[in-house]
Amino acid sequence: MEFRLEPSSRLPIYRQIVQQVREGVARGHLAFGEQLPSVRELSRILVVNPNTIARAYVELEREGILNNQPGRGVFVAEPRAQLAKDVRRRRLIELIDKFLTEAVHLGFSEADVLRLLSARSEQFQWEPARLEAR
Amino acid sequence: MTDVISTDRLTKHYGTRCVVNCLNLRVQAGGVYGLLGRNGAGKSTTIRMLMGMAKPTYGRAELLGHDVVTLPSEVRSRIAYLAEGHPLYGWMTVGEAIRFIRAFHAERWNQYLLEQVLEHFELPLGKKIRRLSNGQRAHVALALAIAPDPDLLILDDPTLGLDTVARREFLVSLIHVIQREGRTILFSSHILSDVERVADRIGILVDGVLRVDCPTEHFKETIRKVVLQFTGTPPAFPGCDGLVNAAVEGRRLELLIVDFGPAHQEIIESLSPASWDILELNLEDAFIEYTRGSKPSLFAVTDHAVAASVGTRSQEAHWHEG
């Protein structure tokens, strides 16, 4: 996976890395079991203080997205639902309402929005990707 | 954790002008501290006082637990300093410069580390220093500074005068230095995006006052632009903690504030503006504005600072050509 840092972004660097890994997993660019560069490697690649990278990895590990195996490396963790279904549902509805509010104010019709939504959703990996253990 | 750098009300006056004002700076062991500020904000003067090259008008500074005025030579040898513009003798070759500097550091000298940097950037030992590009000279200067394996590295605007590519390469070197050991680094810069990449913590000097001192990511998450509208000419802004910049544009007073909170709100409301608003901030734009000082600032020193920076740049250009 290629990381990209935006100096003009409002997000701090560690947040940008967290977001890119999350998005990479959601879009299926990063599969379960895949290895990520080590803290030192990514620090060199991105020209960023290693502490910043470590901070992003710790956060991703806390969220259950990455799995740090000391001595072996950093891997994409097996996906698991951490929150109860109704909590997840409520959170999603909140986001949908926010998104629909914007769409209405931008002057789109309902049909336009639904068409665009289904086109975009094709770019995402809905069933969690897994590396086949053969 | 122990403080490797600690200053207590460090102050410097040049004539009637206060260049550094009651600075309390603390840098912990293993930390990478980025000192930001416009040209003339007091970054170099602060560093010169830390290095004992300028005498404080008031206050004191400690490096590695020792007062800088009475720094024992064995402590001094654990501190490396990279001066602005990377001054080296132009008539020496890279190899001669290494032998020259090495003679001062008989006990501590990491030739392997030095050669790694020289090799990585393909710096030929036989080449005269004056024939090197600015970027190459910066690498040589950094390699020489870290060869004695210092515990503390102080760099005064190390990327000044380097183009974008050379600047990035210098940061690669610096990351390499940070990765090798947990040594403490203080460096000054006026480029936020560079500082963001390498510093754990940043400080912003505005007219000699340390207005911001916080973890790097905290800064980016909490910086806000506040715009106050007045019916007439805006009043002078009294100043507050976390104020990075204040600029007047017509009837608007624009503030750049870190960690915006109730205290700021109180000050703003005491000025009774017709309206005020906290704006979404494009950091890069805000910083270009801030570093260039394109808008008339409320601070009296600004004009001098801009004039001084123009002077320094042209002098430096001559020096590189000569």
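Everything below is about the structure shown above.
This structure is a prediction, so every number in the text was calculated from the model and none was measured.

The rules behind these values
- Residues numbered from 1 in each chain as written.
- Chains lettered and ligands numbered in written order.
- Predicted model: local features only at pLDDT ≥ 70, side-chain atom pairs only at ≥ 80, totals over all residues.
- Heavy atoms only, no water.
- Axes fitted to C-alpha atoms, helices over the stretch in contact; angles between N-to-C directions.
- Helix = DSSP H or I, 4+ residues; strand = E, 2+ residues; numbered from the N terminus.
- Parallel < 35°, antiparallel > 145°, perpendicular 65-115°, else oblique.
- Left-handed = near helix turned anticlockwise from the far one by under 90°.
- Contact = heavy atoms within 4.5 Å.
- Nonpolar A, V, L, I, M, F, W, Y, C, P; charged D, E, K, R; others polar.
- Buried < 20%, exposed > 50% of the residue type's maximum accessible area, 1.4 Å probe, protein only.
- Pairing = 2+ DSSP bridges.
- Core = buried A, V, L, I, M, F, W, Y, C linked by side-chain atoms within 4.5 Å.
- Salt bridge = Lys/Arg side-chain N within 4 Å of Asp/Glu carboxyl O.

Residue and element names in this part refer to chain B. At their nearest, the axes of helix H4 (residues 111-120) and helix H6 (residues 164-180) sit 11 Å apart, and the two run at 155° to each other. By the angle between their directions, the pair H4 and H6 is classed as roughly antiparallel. Classified by chirality, the crossing of H6 by H4 is right-handed. Across the interface between the two elements, Tyr112, Leu113, Gln116, Val117 and His120 of H4 pack against Val172, Ser173, His176 and Arg180 of H6. Here the contact of H4 with H6 is composed, by residue class, of 4 nonpolar, 4 polar and 1 charged.

Before going further, it helps to spend a moment on the pairing of strand S3 (residues 73-76) of chain A. Residue and element names in this part refer to chain A. Every second residue of S3 is oriented toward a common face, with Gly73 and Phe75 on one face and Val74 and Val76 on the other, all of them buried. Note: strand S1 (residues 35-36) against S3, 2 bridges, orientation antiparallel. From the neighbouring strand, leucine 36 faces S3, where its bridge partner is valine 74. The pairing of strand S2 (residues 66-69) with S3 spans 4 bridges and is antiparallel. If you follow asparagine 68 over to S3, its bridge partner there is valine 74. Linkage of S2 to S3, two consecutive antiparallel strands, is achieved through a turn of 3 residues, within which glycine 71 is found at a positive phi near 90°.

This part covers the nonpolar core. Residue and element names in this part refer to chain B. Of all hydrophobic cores here, the largest spans 54 residues; its most connected members are Val140, Leu142, Leu153, Leu155 and Phe219. Element by element, the count of residues in this core is highest for helix H5 (residues 134-146), at 8 residues. One finds Val4, Leu10, Val27 and Leu210 within the second-largest nonpolar core, a separate group that totals 28 residues.

With that settled, the discussion passes to the pattern of salt bridges. Counting across every chain of the model gives 18 salt bridges over all chains. Among the ionic pairs, glutamate 59 of chain A bridges to arginine 15 of chain A, the shortest N-O distance being 2.4 Å. Of this pair, glutamate 59 of chain A sits in helix H3 (residues 50-62) while arginine 15 of chain A sits in helix H1 (residues 13-26), and the two are 44 residues apart along the sequence. Judged by relative accessible area, which is 11%, glutamate 59 of chain A ranks as buried. In this structure, aspartate 67 of chain B and arginine 60 of chain B form a salt bridge, with 3.2 Å as the shortest nitrogen-oxygen distance. For aspartate 67 of chain B, a relative accessible area of 19% gives the class buried. Within this structure, Arg15, Glu59 and Arg62 of chain A form a network of salt bridges that share partners.

Structural measurements only, silent on function.
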